[in-house]
Amino acid sequence: MTREERHKAIVRRRVFVSFCVIVLAAVAALIIYAARAVFTPDGEDKNGSDSGISSMSSQSSDDQQDSSADNSSGSEPDTPSYPDEGPNGLDANYSKLLLVNGEHPLAEDYDYQANLMTIPNEYLNNSWFKQIGGQIDKDVWPYMKAMIDAAWEDGVDLYVWSPYRSYDMQKTLFDNQVSSCKANDPSLTQAEAEAKAATVVARPGTSEHHTGLAADFNMASDSFENTEMYKWMQENAEDYGFVMRYSAEKQPITGVIHESWHYRFVGINNAKEMNRLGMCLEEYLEYLGENS
Ligand SMILES: [Zn+2]
């Protein structure tokens, strides 16, 4: 091979190597381009998520604006504002939150006589109370009367079965219940029979009936739950300041079995708020204490 031929061979090799480098570079560029094309949809998804997040955050800032608007109206957040006046011009803010239960008894000599009045017999359906005179807190009676009158206007036969009970009356009822428990199960000790009786009839001094702020309606029986009176009370009692005091759900707190017939006056706006919050009186008083 001559020197000239060797030189040409070197040039050809360099051209070939350059060509290969260019081809490889072109292939690499193609791969990168293809890769970017393949991964672009992910990028779009990510952008989509981003816009989702930004729309969520704008949503939450809307919420913040809403709640700050609520705050600027002067009421506590989440607490609806209630009117000052109930049906028949009744004071909706009038309140009676005295707590009486197994842990908060009234003294044996606790006497409400000065605050009591006798319910007109036409509002009672219990012949015993018609004879001895059914009594109720005189400030609560206008609310109870308005409620019964309204039920009557709706064609519902709502009556007071058992209102105020003195300590002696409670003792008689409780002793009768203890006897009944022992008759049903003679193996019970006195303490066991009393404990069992206490879930049905309050121990003397621990009955809400002692306060003159509570009453049983129509009957003291589970069958009340199947009556139109119960249905009417479920819908309307709070408008007159009464709550069903003992639900099955709250028995662990109240210590009393479900009593569909027992209603307690707490005040119109308190009754509405208790029902809205789903609280029994024990819970509501704690809630008020925490939020005062
Ligand atoms: Zn009762």
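You'll find the structure just up there.
Residue positions are counted from 1 within each chain, in the order its sequence is given. Two thresholds apply to this predicted model, a pLDDT of at least 70 for residue-level local features and 80 or more for giving and counting side-chain atom pairs, whereas whole-chain, interface and lining totals are computed over all residues.

Across its full length, the chain holds nine helices and six strands. Partly exposed residues are those whose C-beta has more than 12 but fewer than 20 other C-beta atoms within 10 Å; 20 or more makes a residue buried and 12 or fewer makes it exposed, with C-beta atoms placed from the backbone. The buried share of the chain, taken over its 292 residues, is 28%. For every residue pair, C-beta atoms are placed from the backbone, and the pair is scored as a contact if these atoms sit within 7 Å. In the chain, the share of contacts with a sequence separation of at least 24, taken over all contacts with a separation of at least 6, comes to 69%. Elements are defined by DSSP. Helices are runs of H or I of four residues or more, strands are runs of E of two residues or more, and each kind is numbered from the N terminus.

In helix packing, the relevant descriptors are the interaxial angle and the interaxial distance, both defined with respect to the helix axes. Only C-alpha atoms enter the line fits that serve as axes; for helices the fit covers just the stretch in contact. Angles between N-to-C directions range over 0 to 180 degrees. Contact pair helix α4 (residues 167-184) / helix α5 (residues 190-198): the axes reach a minimum separation of 8 Å and the direction vectors enclose 115 degrees. At the point where α4 passes α5, the crossing takes the right-handed sense. Between α4, through F174, Q177, V178, C181 and K182, and α5, the contact on the second element is made entirely by A193, E194, K196 and A197. For the contact of α4 with α5, the residue count by class is five nonpolar, one polar and three charged. A clockwise turn of the near helix away from the far one marks a right-handed crossing, whereas an anticlockwise turn of less than a right angle marks a left-handed crossing. Under the grouping applied here, Gly and all other residues not named as nonpolar or charged are polar, the nonpolar ones being Ala, Val, Leu, Ile, Met, Phe, Trp, Tyr, Cys and Pro and the charged ones Asp, Glu, Lys and Arg.

Within the secondary structure, D157 is located in the loop between α3 (141-153) and β3 (160-162). By the C-beta count within 10 Å, which is 13 here, D157 ends up partly exposed. C-alpha of D157 to C-alpha of N125: the two residues are 32 residues apart in sequence and 9.9 Å apart in space.

We now examine the sheet that holds strand β6 (residues 259-265). Strands sit in the order β3-β4-β6-β5 across an open sheet of four strands; the sheet is antiparallel. In the strand order of this sheet, the two ends are held by β3 and β5 (242-246), each with one partner. Here the strands of the sheet are splayed against their neighbours by 50 degrees on average, with no regard to which way each runs. A pair of strands is considered paired only if DSSP assigns at least 2 bridges between the two. As judged from the four bridges shared by β5 and β6, these two strands associate in the antiparallel manner. Directly across from M244, in β6, lies its bridge partner Y263.

This next bit is on the environment of W232. Mapped onto the elements, W232 comes out in helix α6 (residues 228-236). Remark: the alpha-carbon pair of W232 and L158, spanning 74 residues in sequence, is separated by 8.9 Å. Once you skip the residues sitting within four places of it in the chain, W232 turns out to touch A151, D154, V156 and L158.

Moving on, we come to the nonpolar core. Each nonpolar core comprises buried Ala, Val, Leu, Ile, Met, Phe, Trp, Tyr and Cys residues, the members being joined through C-beta atoms within 7 Å. Core analysis: the largest hydrophobic core is formed by 39 residues, its most contacted members being M144, M147, F217, A237, F242, V243 and Y263. Secondary structure elements with two or more residues in this core: α3, β3, β4 (214-217), α6, β5, β6, α8 (268-277) and α9 (281-290). Apart from the residues lying within four places of it in its own chain, the contact partners of V243 are A237, E238, Y263, R264, V266, A271, M274 and N275. Listed in part, the eight residues of the second largest apolar core include L173, A193, A197 and A202.

The next subject is unusual backbone geometry. Backbone geometry places N88, a non-glycine residue, at a positive phi of 60 degrees. Within the secondary structure, N88 sits in the loop between α1 (3-72) and β1 (116-118). According to the C-beta neighbour criterion, N88 is partly exposed, with 13 such atoms within 10 Å. Notably, N218 is not glycine yet its phi reads approximately 70 degrees, a positive angle. Mapped onto the elements, N218 comes out in the loop between β4 and α6.

Look at α3: 18 Å from first C-alpha to last across 13 residues, which is about the 18 Å you get at 1.5 Å a residue. Of all the positions in α3, only W141, Y143, M144, M147, I148 and A151 are classed as buried. Each buried residue of α3 sits inside an arc of 165 degrees when the element is viewed along its axis, so together they form one side. Turning to α3, the residues buried within the fold contact β1, β2 (135-137), β4, α6, β5 and β6. Count one or two residues on from α3 and you reach G155, which has phi positive near 80 degrees. Take the residue count of a helix, subtract one, and multiply by 1.5 Å to get its expected span. Directions from the helix axis toward the C-beta atoms define the arc.

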